[in-house]
Structure formats: structure tokens, C-alpha cells
Amino acid sequence: MMYFPSRYNVYLKSVPVLIILFFSVHYQTFAQRQNIPNDLRLETTDQLTSNILELPQEESAIFEKELLRRLESNDDRVVLYEELSRALSKQGNHKRSVAYVKEAITYAQFIKNKEKLVDLYTLLGNSELIAWHNQEALDAYYKALEIAKKQGNIDHQVVIINPNIAIVRRRMRQLDKALEACNEALASIANTTYYDKKDHVNLLTIISDVHLEIQQSETRLDLHQYDTVLKYVNQGLSMSNQLDYKLGLVDLYTKKGTVYFYKKEYTASLEYLKTADRILKESNIKYKTYINNINYFLASCYVEKKEYKNAIEKLQLIIDLKEEEDKNHSKLIKTYKLMATSYEGLDDHKSSSYWYSRYSKLNEKYQKDKDKVVNTIYEKDTGLLGQEIAAQKRNAIYFLCLLIAVSGICILILYIYKKKQRASKQSFDKLLKKVNQLEKSSKESLKPKEKTREVVIDDEKVRAVLKGLKRLEEQEFFLSTDCSLRSMAKKVKTNATYLSKIINTHKGLSYNDYINNLRIDYAVNRIKSDKKFRSFSIKSIATELGYKSDYSFAKHFKSKTGINPSYYIKRIENI
């Protein structure tokens, strides 16, 4: 759910300076070519702004010039640019909305209006958020947060900026940081003017989203976590009913249905999802996000109940809405996969293969794009949050230097440090040699071993299954969290028991050891070759490899290599 405060529901209009200056040079020629009267002074401000909004950017330049001429101060220009940006954002014209709010920021900086800059950077973040430009949105929100803190603007900081930062963090699976931002806002909202208002409801929907995703990322089912989600959902539903807030009701009933879906209570899930769908249709709400979420989980319930035709009908509605201009690839990826599963349930293997193919291609592209954004966000975190850490380190260094000078043990410390460095280097040389050996042996571990006589299997079918396994290895399917024995068996067109026997016989491993070996070999090679990848947190790396926790990743890494991943990363970084 995109989070925009209710006090920003009134929108006006504005214009970029550069375009105005350019078209002012060609005023007469352009006016004649477009059959626009040379004298626009009889036009009202509303007429001029309507023309700006209705015409393409190039054609609206002459009206922008006249409107700009009427502005008497830079304060007026800030207001006009801001309000026009809001109006264009509401129209879905992201590019022009961003251009205009940046013009407003330029003028606000010139007149040093700090309070207005908080609003403008938040507006810029919201526009980028809608367009799924996650890094740009995060940059804008952090700038707004920085100014708001200096101004002591607690209301804006708590209820508007932090929840939006949480949305971006949640998109990038940085759930701990998203929860931190939500909790900070929730702890302070009672002291703001937004308490028990629509923005309070919106905050509850975001924090319930984060808790729900935390539950989904855990290795074990934690019913207590679901209770936490339902607590916030029910609070939000109570507020929404009192406020007659239809958007809140739709979103929260959808989340409630989602919780019961994950709890595998599909009848209850369908009841809440259909309630959300009914309110959405009765209120004539056209937000695609709501429509897609409801239809996706309705389809998911239908798949679990083996009502595949109903599932396909709901999934097709999502595809029709999202494919033309989709930014949220993650939802479309899941939709393609569920569509393939539905056709597989109907024994329509041709259609199932088609949707699996689309799923694989889009998922590969999404993962590459996500890597780029996560890297940039990591660097941003280091820049913004590292300032305070750097100051603390400086103080610690000053104190240490003073202590060393007073105690007179500087030489001893240096000697111990050098000795430790030499010992560490010797240990790492042995480690690196072991890693290189692992790289060479990783390919050998994937080669089929000679088939034993204990299991009698048709040679042709074995070859087909092994060929399928090789294809999945090349596609790096083992990095998916959905890489279970059953899902892999489906992909190689056999059953789980038969596949397990083939892996045991021809790989010499259990299924779990087979997958873990592939993942750890991948991790060893990528950490060594990819500088950006090894700058991730251990938890982020574990998620990329398909593990549901950093503990599980570290355990399997050490079991295979004899060292901890953090130690390996640190030493590789110093080569």
C-alpha cells in the first residue's frame, strides 16, 4: 500500500523553469503554429493551469510562460510548482511530477524555507515510490528526515517519513530496518495530531505487512507472529469502521484473509478476501494494488482447494492489469508461477510450461535488478547512518591513544598486533588453499556416480532426470526458497521418491546435502569474485542463496568449508 497522508489531498499546479525559458524564446512562432492567441492575459489562472495539465509538456509551454509571468515572488513559485506536481502525480504522470517538485525544491532552497523542504522532499519520495524507483525514493525520504529532525517536526517525521522508509525497506526484504522504522512511528503517534486518524490506520497496515513478511521469512511456523499481525489488523479495522475509511477496510480485510491463508484456514481466508472485494466494488475503488492483492490470494486459496479454473480466472485479471506497465515484478513473478501451477493441476502441460517459462525469465531479470538496487541502498546506509558510527569510532580512537600514551604500553600493543597479523595471514593462506580446492571439486561433486545395483532404474528415464537436474543447476534453481524435493521433482517430471533415489545413487548425496552443496559452492565462488555481494550482510546473503535464516546458512557453510562465512568474507576482502 502506498502511504500518503490525508492532509495532502488538495492539489494545484506548477511548471519547470528550464522549459519555460526555452519556449519563451520561440513564443510567437509556437503560438501561431498551435493557433493559440498571442495575448493570454485574458485567460484566468485556472484556465492556464487546466491547459498545462491537459496538454503535453511541449504544447503547454506557452501557458506556463504566462502563468510564471504572473507570479510575484519565489514563495509563489514554490507553491505553484508543488501543487502542480501533486496534480500530475495524481494523474499518474510521474516524469513531469518529479520534474516540477524538483523545481519547487530549488526555489525553496533559495529562500531557505526548511519547513517547506520537508514537504517537498516527502512529495518527491512519494512520486518515486509510486514509480517503484526505490533508491530515489529512499534518498528523498532520508533528506526529508534529516531536515525534519533539525526542525523538530515530530509529526511529519513519525507519521509520514518513517512509514514510507519502512515501505522501501520492506520491498528490498530489509525487514529488520523496516520494523525499526515502524516501531519508532508507532511509539510516538499518540503524541501527534494523526492519532486515531486515517494516517494512524495506514501505519497499522504497514506494520502488519512487515510482521507478516517476517513470519514468512522464518524457518519455522510461529503462530505468535500471526497473532501479532492480527492484533494490528483488528486495531486498524476498528478505527476504519469508526472513520468509515473504505480504503483501510479493503486493505485490512485483505491482510486478514492473507493471514488465514498462511495459517492454511482457506475457508476463513476466502470469507475475508471476499469481504474486501465486496467493499472495493461497492466503493468503486480503482486502485490496482488492492485489486491485484485480493485476486492473487483468492487465486491462491482456489489452488489449495483445487478449484483451478477459478484460480486462473482471478490470475488473468492480475495479468491484464499489470503486464502493460508493471513496476512491481515480484507480484507478477508470483502470478506467473501460480498460473503455471493451476494449469498443471488441470493437466494442461503445454500451458503450464508456457507460464513456467515466463516466470523464469521475469524472475531472472528481477533478481538482477534487485541486486543493483540493494547494493546502492547498502552504500546509502553506510553514508547516512555511518556518520554517527564514525564519530563514535573517532572518540574511541582518541581515548585509546590517550590511554596508550599514559600507560606506556604502545610498543607492547604494536608487537602483539604484528604477531597476530602474521598468525592470521598464515591461517588465511591455508584457508584460501582449501577454498580453491573446493572450487575445483565442486564440479566433480555434481558428476553422476556409477549406478549401484541396489536400485533398478530404467536408463533412459534416469538420463532424462539427470539432464533435467543439470538444467536446473544451470538455471540456479537451487537458490530459490521454493526449491523443495517435491517442486524439483515436478520440474524434472518425476515423483519425489524416485528423484531422491536418483540423487542418492548418482550424486552420492541426500537431497538436502545436494542442494546445500550447490548453494555453498555458489556462495564461495561469488563471494570471492563479486565485491558487491560480499559487502552484503550475512542475512542478506543467506536470503539470496535461498536460506530462510542466516543461522542455517552459516551452519551449512561451516560444515562444508570448515570456516564461518564472516571470516571468509573478511579475509577475501583484504586480498
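Basis of the calculations
In this convention, every chain numbers its residues from 1, walking through the sequence in written order. With pLDDT at 70 or above as the cut-off, local features in this predicted model cover only qualifying residues; side-chain atom pairs require 80 or more to be listed or tallied, and sums for whole chains, interfaces and linings still use all residues. Hydrogen atoms and water are omitted, and side-chain values are computed over all heavy atoms in the structure. Going along the chain from the N terminus, every DSSP run of H or I of four or more residues is numbered as a helix, and every run of E of two or more is numbered as a strand. Here's how the labels work: a residue is buried when its accessible area is under 20% of the maximum for its type, exposed when over 50%, partly exposed in between, all with a 1.4 Å probe on protein chains only. Any two residues whose heavy atoms approach within 4.5 Å are treated as being in contact. All accessible-area figures derive from a Shrake-Rupley calculation using a 1.4 Å probe, and residue coverage is judged against the displayed protein chains alone. Each residue after the first adds 1.5 Å to the expected span of a helix. Throughout this description, a polar contact denotes any pair of N or O atoms lying within 3.5 Å of each other; where both atoms belong to protein, one of them has to be capable of donating a hydrogen while the other can accept it, and for residues adjacent in sequence the pair is counted only when both atoms sit in side chains. Lines fitted to C-alpha atoms define the axes here, with helix axes fitted over just the stretch in contact, and angles between the N-to-C directions of these axes take values from 0 to 180 degrees. In this scheme, roughly parallel covers angles under 35 degrees and roughly antiparallel covers those over 145, while 65 to 115 is roughly perpendicular and the rest are oblique. Polar here means any residue outside two lists: the nonpolar Ala, Val, Leu, Ile, Met, Phe, Trp, Tyr, Cys and Pro, and the charged Asp, Glu, Lys and Arg; Gly therefore counts as polar. Ring pairs shown here join Phe, Tyr and Trp side chains whose ring centres sit within 6.5 Å, with only the six-membered ring taken for Trp; geometry is labelled stacked below 30 degrees between planes, edge-to-face above 60, and tilted in between. Put simply, a charge is over a ring when the Lys NZ or the Arg CZ is close to the ring centre, within 6 Å, and near the line of the ring normal, within 35 degrees. Residues qualify for a patch when their relative accessible area is over 30% and they have no salt bridge, like charges being joined within 9 Å and the nonpolar side chains of Val, Leu, Ile, Met, Phe, Trp and Tyr within 5 Å. Each reported salt bridge corresponds to a side-chain nitrogen of Lys or Arg within 4 Å of a carboxyl oxygen of Asp or Glu. For any pair of crossing helices, the crossing counts as left-handed if the nearer helix is rotated counterclockwise from the farther one by less than a right angle, and right-handed if it is rotated clockwise.

### Describing the overall build of the protein
Helices and strands together make up the secondary structure of the protein, namely 27 helices and zero strands. In the protein, which comprises 575 residues, the share counted as buried stands at 48%. Counting contacts in the protein only where the partners sit at least 6 residues apart, residues at least 24 apart contribute 66% of the total. When the accessible surface of the protein is summed, it comes to about 31000 Å², and 51% of that surface belongs to carbon and sulfur atoms.

### Concerning helix α14 (residues 266-282)
Here α14 contains 17 residues, and its C-alpha end-to-end distance of 24 Å stays within 8% of the 24 Å for a straight helix at 1.5 Å per residue. Of the positions making up α14, those classed as buried are Tyr-266, Ser-269, Leu-270, Tyr-272, Leu-273, Thr-275, Ala-276, Asp-277, Ile-279 and Leu-280. At its buried positions, α14 is contacted by α13 (246-262) and α15 (288-304).

### Concerning the side chain of Thr-192
Turning to its location among the elements, Thr-192 is positioned in the loop between α10 (175-188) and α11 (198-217). Under the relative-accessibility criterion, Thr-192 is labelled buried at 9%. Of the polar contacts made by the side chain of Thr-192, one reaches the backbone oxygen of Ile-189; its length is 2.7 Å. A distance of 3.3 Å separates the side chain of Thr-192 from the backbone nitrogen of Tyr-194, its partner in a polar contact.

### Description of the packing of helix α20 (residues 459-474) against helix α22 (residues 496-506)
Relative to each other, α20 and α22 sit at 85 degrees, their axes nearing to 11 Å. On the basis of their axis angle, the class for α20 and α22 is roughly perpendicular. For the pair α20 and α22, contact is made by Lys-461, Val-462, Val-465, Leu-466 and Leu-469 and by Tyr-498, Leu-499, Ile-502, Ile-503 and His-506, respectively. A class-by-class count of the residues in the contact of α20 with α22 yields eight nonpolar, one polar and one charged.

### Structural notes on the packing of aromatic side chains
Going through the model one piece at a time under the given rule, you end up with 16 aromatic pairs. On the basis of an interplanar angle of 80 degrees and a centroid distance of 6.0 Å, the ring pair of Tyr-262 and Phe-297 is categorised as edge-to-face. Placement of the pair is Tyr-262 in helix α13 and Phe-297 in helix α15, with a sequence separation of 35 residues. Classification of Phe-297 as buried rests on a relative accessible area of 8%. For the ring pair Tyr-354 and Trp-355, a centre distance of 5.0 Å and an interplane angle of 80 degrees mean the geometry is edge-to-face. Of the residues examined, Trp-355 reaches a relative accessible area of 8% and is grouped as buried. Within the aromatic cluster, the residues linked to one another by ring pairs are Phe-261, Tyr-262, Tyr-266, Tyr-296 and Phe-297. Across from the ring centre of Tyr-232, 4.6 Å away, lies the NZ or CZ of Lys-231, which sits over that ring. The ring of Tyr-547 has Arg-519 sitting right over it, with the charged end atom 4.9 Å from the ring centre.

### Description of a nonpolar patch on the surface
A grouping of Ile-409, Leu-412, Ile-413 and Ile-416 is seen on the molecular surface, where their side chains present a nonpolar patch of about 340 Å² in accessible area. By secondary structure assignment, the location of Ile-416 is in helix α19 (residues 410-446). According to the relative accessible area criterion, Ile-416 is partly exposed, its value standing at 48%.

### A word on α22
Because each turn of an α-helix spans 3.6 residues, side chains separated by three or four positions in sequence point in the same direction. Among all positions in α22, only Tyr-498, Leu-499, Ile-502, Ile-503, Thr-505 and His-506 are buried. Buried residues along α22 sit in contact with α20, α21 (485-491) and α23 (511-529). Looking one or two residues beyond α22, the residue adopting positive phi is Gly-508, at roughly 70 degrees.

### Focus: the packing of helix α5 (residues 74-91) against helix α7 (residues 114-130)
Pairs of packed helices are described in terms of their axes, by the angle between the two and the distance that separates them. Where α5 meets α7, the axes come as close as 11 Å, and the angle between the chain directions of the two elements is 20 degrees. Classified by the interaxial angle, the pair formed by α5 and α7 is roughly parallel. Regarding α5 and α7, the two cross each other, and that crossing is left-handed. Within the contact between the two elements, α5 uses Val-78, Glu-82, Ser-85, Arg-86 and Ser-89 and α7 uses Lys-116, Asp-119, Leu-120, Leu-123, Ser-127 and Ile-130. The class makeup of the residues in the contact of α5 with α7 is four nonpolar, three polar and four charged.

### Looking at unusual backbone geometry
Here the phi dihedral of Asp-196 falls at roughly 60 degrees; this positive angle occurs in a residue that is not glycine. Topologically, Asp-196 is positioned in the loop between α10 and α11. Here Asp-347, not a glycine, exhibits a phi torsion of approximately 65 degrees, which is positive. In this structure, Asp-347 sits in the loop between α17 (329-345) and α18 (349-407).

### Here we look at the pattern of salt bridges
Counted according to the given criterion, the structure contains 13 salt bridges. Residue Asp-251 pairs with Lys-255 through a salt bridge whose shortest N-O separation is 2.6 Å. Placement of both Asp-251 and Lys-255 in helix α13 is noted, with a separation of four residues, approximately one turn of the helix. Residue class for Lys-255 comes out buried when judged on its relative accessible area of 7%. For Lys-560, the salt bridge goes to Asp-521, with nearest N and O atoms at 3.6 Å. Here Lys-560 is found in helix α26 (residues 550-561), whereas its partner Asp-521 is found in helix α23, with 39 residues between them in sequence. One salt-bridge network, in which partners are shared between bridges, spans Glu-82, Arg-86 and Lys-116.

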